[in-house]
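Spelled out from the first residue to the last, the chains are:
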Amino acid sequence: MANKYAKGFYTLMSEAGILSSKSFGLYINDVVGFNNIQKLDLDGFTWDEYSSLTFDFKDLVMSNRVKVMATYTDKDSEAIPFGTEGFTETSGVVPTMKARFIWDSDDYRKYLDAVRNLDFQNKTAKQYALDLLFNGIKDIQSAHELSMTYQRDQIVSGRELSLDANNNPRGIKGLVFKSAVPEANVTTVAKAKRWFNNATDKNATTANADADPVGDMKAVVRAMKRKGYMDIVVEADYISFLEDMDHPKWRTAMGYKMRPDLVLAASNDANALAVGNAAGDDELVALFAKIIGVPAANVHLRKGLVGVEVLEGKGPDAKLVRKTQRTFKANTYVFYPAGPIGTIKSTLALTPDDSFIYAKFFGDRGLIQYEFDAKARTQDWWSELNALCVPSRPQEMYYLITYTD
């Protein structure tokens, strides 16, 4: 590229006074807030302190073992030492995610045209340029935040992150990053007992009368409590949860909780259902928690919604369409002991030499780089983050899947 690093008056970076990696780093950190990892919606996962130089990782699988009692012996005998067990490891590869923002000559012409009318908007050309830069960098920040949220929720709810044409249409496909949750920890409701007869249209008319949703849920919670887990967290997708709670058997159970004076009897079920149907969305979590026997604060409803850009059509009729999808799998409930779920493995993004302008983000784990082509009037920002959410207690995660085809 010719004259890549010339700083003309028409560059958004020069308008912001960003002429070096140091000033770009300050802008990323102080203005955009790109380094604030506390805002990431990665509940239960914490970043490893150090990034690896390679993409391969190994991690110890942890567990809360039931403590053993002391051994009764006669007064002169020695106790047999506690048994020991080896460490279990999980291993895998850290994926790479990238985002990019380009401001080309067409954008520059639109910028110049807009500048002519700025007097009528009470805004200066510099303010306009700063807004364009801020919004472009914010889009890159948002892209990585949403990718990490989607990754976290897919790993937790689906036990894997699978890259395909739906969630990564413009990137690599066919890669699967699996967690080590044992198949024995997954309970799938039989087709004849699934809660609704339709996966997406959930209401009283599609509710399966033969289902036992309350019993299904209690069975998982009680099985965990029998193993010694008393402080249990339950995760589900927010919308899927609200739909599931419209099942008449859930509403009937809630009605009995709302009206303790109602005697639990088949003759009172209709009355309890009428009471339960009056419960609003804001009441459902507390009632649900009380029914299954967990603290209301431990019911975590995931609300993630992300977009992907898909090219639809061919030739001159092709157009870029933005589609949305939820981050947490529907019809899925995840149970685990309260506390950390796992760690986030990261691989160091290699920095360029000092002739480039770049900055770090997410605690120096990610890299964003800038390049300017004066001849083509093109400004280019691109980012790289290598990270993967890895459950460190997969054998303590349990699943209830309420709908299968």
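Preceding block: the structure.
Summarised in this report is the structure supplied together with it. (Residues numbered from 1 in each chain as written. Predicted model: local features only at pLDDT ≥ 70, side-chain atom pairs only at ≥ 80, totals over all residues. Heavy atoms only, no water.)

What follows deals with the sheet that holds strand E12 (residues 332-337). Strand order in the open sheet formed by five strands is E7-E17-E12-E8-E9, and the pairing between neighbours is mixed. The two strands at the open ends of the sheet, each matched to only one other strand, are strand E7 (186-188) and strand E9 (299-302). For this sheet, the mean angle separating the axes of adjacent strands, direction not counted, is 20°. Sheet analysis places E12 next to strand E17 (residues 398-401), joined by four bridges and oriented antiparallel. For Tyr333, the partnering residue across the bridge sits in E17 and is Leu400. (Pairing = 2+ DSSP bridges. Helix = DSSP H or I, 4+ residues; strand = E, 2+ residues; numbered from the N terminus. Axes fitted to C-alpha atoms, helices over the stretch in contact; angles between N-to-C directions.)

Glancing now at the pairing of E17. What you see with E17 is no split at all: Tyr398 and Leu400 on one side and Tyr399 and Ile401 on the other are buried throughout. In the sheet, E7 pairs with E17 via three bridges, with the strands oriented parallel. Note that in E17 the partner of Thr187 across the bridge is Leu400. (Buried < 20%, exposed > 50% of the residue type's maximum accessible area, 1.4 Å probe, protein only.)

Moving on, we come to the environment of Gly174. Following the sequence through the fold, Gly174 ends up in the loop between strand E5 (160-162) and strand E6 (176-178). When its relative accessible area of 61% is taken as the criterion, Gly174 is described as exposed. Along the chain, Gly174 and Ser162 lie 12 residues apart, while their C-alpha atoms are 7.0 Å from each other.

The final tally for this structure, using the stated rule, is 17 salt bridges. For the salt bridge of Glu309 with Arg170, the shortest nitrogen-to-oxygen distance reads 2.7 Å. Pair noted here: Glu309 is in strand E10 (residues 305-312) and Arg170 is in the loop between E5 and E6, with a separation of 139 residues, a long-range link. The exposed category is assigned to Arg170, whose relative accessible area is 59%. Asp237 is the salt-bridge partner of Arg326, the closest N and O atoms lying 2.7 Å from each other. Remark: Asp237 occurs in strand E8 (residues 232-237) and Arg326 occurs in strand E11 (residues 319-326); sequence separation between them is 89 residues. Judged by relative accessible area, which is 28%, Arg326 ranks as partly exposed. On the basis of relative accessibility, which here comes to 2%, the residue Asp237 falls in the buried class. It is possible to trace a salt-bridge network through shared partners that takes in Asp41, Arg152, Asp153, Glu235 and Arg302. (Salt bridge = Lys/Arg side-chain N within 4 Å of Asp/Glu carboxyl O.)

This next bit is on helix H2 (residues 21-32). Those residues of H2 that fall on the buried side of the exposure criterion are Phe24, Tyr27, Ile28 and Val32. The arc that holds the buried residues of H2, viewed along the axis, is 95°, so those residues lie on one side. Turned more than 90 degrees from where H2 packs its buried face, Lys22 and Asp30 sit exposed. (Arc of directions from axis to C-beta.)

Another point: the packing of aromatic side chains. By the definition in use, this model includes nine aromatic pairs. Taking the centre distance of 4.7 Å and the plane angle of 15° together, the rings of Phe101 and Trp381 count as stacked. One end of the pair, Phe101, is in strand E4 (residues 96-103); the other, Trp381, is in strand E16 (residues 378-391), with 280 residues separating them in the sequence. With respect to class, Phe101 is no different from Trp381; both count as buried. Between Phe241 and Phe288 the ring centres are 5.1 Å apart and the planes differ by 85°, which places this aromatic pair in the edge-to-face class. (Phe/Tyr/Trp six-rings, centres within 6.5 Å; stacked < 30°, edge-to-face > 60°.)

Further remarks concern the layout of surface pockets. Taken as a whole, the largest pocket spans an internal volume of roughly 1,400 Å³. Those elements that provide at least two residues to the lining of the largest pocket are E4, helix H4 (125-158), E10 and E11. Broken down by element, the residue count for the lining of the largest pocket peaks at 10 residues, all from H4. For the lining of the largest pocket, a count of residues per class yields 15 nonpolar, 11 polar and six charged. Looking at the second largest pocket, its volume works out to about 300 Å³. Lining of the second largest pocket is provided by 18 residues; of these, Gln154, Gly158, Glu160, Ser162 and Lys329 occupy positions nearest its centre. Per-element accounting of the lining of the second largest pocket gives the leading share, three residues, to H4. (1 Å grid on protein atoms, 1.4 Å probe; cavity = no way out; pocket = protein on both sides within 12 Å on 5 of 7 lines; lining within 4 Å. Points joined across faces, edges and corners; volume = space filled by probe spheres on them. Nonpolar A, V, L, I, M, F, W, Y, C, P; charged D, E, K, R; others polar.)

Two elements in contact, helix H7 (residues 248-258) and helix H9 (residues 281-292), have axes separated by 10 Å at closest approach and are oriented at 90°. Taken as axis vectors, H7 and H9 run roughly perpendicular relative to one another. In this structure, H7 contributes Trp250, Arg251, Ala253, Met254, Lys257 and Met258 to the contact, and H9 contributes Glu283, Leu284, Leu287, Phe288, Lys290, Ile291 and Ile292. Along the lines of polarity and charge, the residues of the contact of H7 with H9 split into nine nonpolar, no polar and four charged. (Parallel < 35°, antiparallel > 145°, perpendicular 65-115°, else oblique. Contact = heavy atoms within 4.5 Å.)

For the rest of this paragraph, the subject is H9. Over its 12 residues, H9 runs 17 Å from end to end, which matches the ideal 16 Å to within 8%, given 1.5 Å per residue. Contacts made by the buried residues of H9 are with helix H5 (213-226), E8, helix H6 (238-244), H7, E9 and E12. Downstream of H9 by a residue or two, Gly293 has a phi angle that is positive, lying close to 90°. (Expected span 1.5 Å × (residues − 1).)

Most of strand E15 (residues 366-373) sits out of view: eight of its eight residues are buried. A two-sided burial pattern is seen for E15, the buried positions comprising Gly366, Ile368, Tyr370 and Phe372 on one face and Leu367, Gln369, Glu371 and Asp373 on the other. In this structure, strand E14 (residues 357-361) lies alongside E15, joined through five bridges in antiparallel fashion. Among the inter-strand pairings, Lys360 is bridged to a residue of E15, identified as Leu367. Where E14 hands over to E15, the hairpin turn is made up of four residues, of which Phe362 adopts a positive phi near 55°. Inspection of the sheet shows E15 paired to E16 by seven bridges, in the antiparallel sense. The partner of Phe372 across the bridge, within E16, is Gln379. If you look at the hairpin formed by E15 and E16, you'll find four residues sitting between the two strands, and Arg377 has a positive phi there, around 55°.

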